Amino acid sequence: MNLAAMDPTTYDVQLEAKRVKLKQLFADFDTPELETFSSQPAHYRMRAEFRVWHEGEDLYYYMFDKELNSKVRCDQFLPASELINKMMPALVELLKPNTILRHRLFQIDFLSTMSGEILVSLLYHKQLDSEWEQQAKILKQTLSTQFNMNLIGRARKQKIVLDKDFVVESLNVAGKQLQYHQIENSFTQPNGNVSVKMLEWAIDVTKNSTGDLLELYCGNGNFSIALAQNFDRVLATELAKPSVESAQYNIEVNQVENLQIIRMSAEDFTEAMAKKRSFRRLEGIDLDSYNCNTIFVDPPRAGLDADTVKLVQGYERIVYISCNPHTLIDNLSELSKTHKITRFALFDQFPYTDHMESGVFLEKR
């Protein structure tokens, strides 16, 4: 991470450079005008991870700066939410004099929400015992006078949870309040405000939809929950068990009645749809009863595999959110043979980095 590049006064210039670069990357495709969704210039990350340095009586957070090729002390961290920045000094001042809690502590992770909850994970190079747990409870009780917080201790093959290992985010999306269960150590969109803009963009591009929606790689149901209002039914797949459990919680808490989540990989689901294999997890689910003419994909950095690209091409409308423009371009070289790009967006999830999150909406030619 290049900490020196994090200057809010240069944010607009950096965003414009990304916009120009993304347009250049997609120059070979017939794209409409690029819609650009900016981030807050500071305090935009809802989660952050710090290494911990022990120096005599002192104890402090640090990150590794690739440009300087050295560690940099972080008493505060500009990208992290205001809640994380408020928690950082309060936590470290209580850890410093506590020999039990600071001993062999090597990392601290924070997961915060825009609705005011924060989860702290303390990571150790030692096994945690009853004495650690007793001191951790006192620490949590002390901090709970200032923060709506929970605490976790982690060591090799060990996890101690004081109360709960998740937060519940509440987002105002297109005038509707949505709640999202987010588990420690599992994937969530890091930039809260930009995540809302991504959800609202996806709702907007699918607002005149008919029939059902199929979503691959649905995570904790982030997009599925928001998009369910635009479709008769939604069928979604996700492989990671913690994410599926969160998704089920989110379906219930948001009272979404037309969404079903299946725990399986996109690759296995592709084989099931092609009737190449049968899966026990699909027992009782009539795939043929779904009238899915829209598909939503938000794949990992590697993009879609060749078989899934063929599956996706069978749908009238495709919403593709990408965290890697290069693999998106690879997939579009095939998808653009059958579909036309009718919406094109840049979401600045990660200011001050080269990372570009993008979205395309494609309709059958």
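About the thresholds
- Residues numbered from 1 in each chain as written.
- Predicted model: local features only at pLDDT ≥ 70, side-chain atom pairs only at ≥ 80, totals over all residues.
- Heavy atoms only, no water.
- Helix = DSSP H or I, 4+ residues; strand = E, 2+ residues; numbered from the N terminus.
- Polar contact = N/O pair within 3.5 Å; in protein donor to acceptor, adjacent residues only side chain to side chain.
- Contact = heavy atoms within 4.5 Å.
- Buried < 20%, exposed > 50% of the residue type's maximum accessible area, 1.4 Å probe, protein only.
- Pairing = 2+ DSSP bridges.
- Right-handed = clockwise from strand over helix to strand, strands pointing away.
- Phe/Tyr/Trp six-rings, centres within 6.5 Å; stacked < 30°, edge-to-face > 60°.
- Salt bridge = Lys/Arg side-chain N within 4 Å of Asp/Glu carboxyl O.
- Axes fitted to C-alpha atoms, helices over the stretch in contact; angles between N-to-C directions.

Identification of the protein as tRNA/tmRNA (uracil-C(5))-methyltransferase from Shewanella schlegeliana is taken from an unreviewed UniProt entry.

> How should the side chain of Asn 85 be read in this particular structure?
Tracing the backbone shows Asn 85 in helix α2 (residues 82-95). A polar side-chain atom of Asn 85 sits 3.4 Å from a polar atom in the side chain of His 43. Setting aside anything within four residues of it in sequence, one finds Asn 85 in contact with His 43, Gln 76, Phe 77 and Ala 80.

> Can you help me understand the pairing of strand β7 (residues 148-155) in this one?
Regular strands place side chains that alternate from one sheet face to the opposite one. Most of β7 is tucked away, with six of its eight residues classed as buried. Here strand β6 (residues 117-124) runs beside β7; their pairing, made up of seven bridges, is parallel. Residue pairing in the sheet places Val 120 in a bridge with Leu 151 of β7. Tracing the backbone out of β6, into helix α4 (residues 130-143) and back to the parallel element β7 gives a crossover that is right-handed. Where β7 hands over to strand β8 (residues 158-162), the hairpin turn is made up of two residues, of which Lys 157 adopts a positive phi near 55°.

> Just checking my understanding: could you explain the side chain of Gln 189 for this structure?
Looking at the secondary structure, you find Gln 189 in the loop between β10 (176-183) and α5 (192-205). When its relative accessible area of 14% is taken as the criterion, Gln 189 is described as buried. A distance of 3.1 Å separates a polar atom in the side chain of Gln 189 from a polar atom in the side chain of Gln 349. Setting aside residues no more than four positions away along its own chain, Gln 189 makes contact with Arg 47, Ser 195, Met 198, Asn 222, Phe 223, Asp 298, Gln 349 and Glu 357.

> Which parts of the structure should I look at to understand the packing of aromatic side chains?
What describes a pair of aromatic rings is the distance from one ring centre to the other and the angle between the planes of the rings. This model, assessed by the stated rule, comprises 14 aromatic pairs. Centroid distance Phe 26 to Phe 29: 6.2 Å. Interplanar angle 50°. Geometry classified as tilted. Both residues of the pair, Phe 26 and Phe 29, count as buried. Relative to Phe 110, the ring of Phe 50 has its centre 6.1 Å away and its plane inclined at 70°; by these criteria the two rings are edge-to-face. Within this pair, whereas Phe 50 is found in strand β2 (residues 47-55), its partner Phe 110 is found in strand β5 (residues 105-112), the two being separated by 60 residues in sequence. On the basis of relative accessibility, which here comes to 1%, the residue Phe 50 falls in the buried class.

> Teacher, can you tell me more about the pattern of salt bridges here?
Between side chains of opposite charge, pairing is possible as soon as their charged atoms come close. Applying the stated criterion to the full structure yields 20 salt bridges. Here Asp 348 ties to Lys 18 by a salt bridge, and the two come within 2.7 Å at their closest N and O atoms. With Asp 348 in the loop between β16 (339-347) and β17 (357-364) and Lys 18 in helix α1 (residues 11-25), this pair connects stretches of sequence that are 330 residues apart. Here the two residues Asp 348 and Lys 18 agree in accessibility, since each one is buried. Here Asp 30 ties to Lys 340 by a salt bridge, and the two come within 2.9 Å at their closest N and O atoms. Within this pair, whereas Asp 30 is found in the loop between α1 and β1 (35-37), its partner Lys 340 is found in strand β16, the two being separated by 310 residues in sequence. Shared partners join several salt bridges into a network, and the residues in it are Asp 58, Arg 73, Asp 75, Glu 93 and Lys 96.

> Where do I start with the sheet that holds β1 in this structure?
Whether parallel or antiparallel, the strands of a sheet pair through hydrogen bonds between backbone atoms. The strand order β1-β16-β17-β15-β14-β11-β12-β13 describes an open sheet built from eight strands, whose pairing is mixed. Each edge of the open sheet is held by one strand with a lone partner, namely β1 and β13 (259-263). Strand-to-strand, the axes of this sheet are offset by a mean angle of 15°, without reference to chain direction. Sheet topology note: the β1/β16 ladder contains three bridges and is parallel. Residue pairing for β16: Phe 37 is matched across the bridge by Phe 347. Each of β1, β14 (292-297), β15 (317-322), β16 and β17 is contacted by α5, which is oriented at about 160° to β16, the strand it contacts most.

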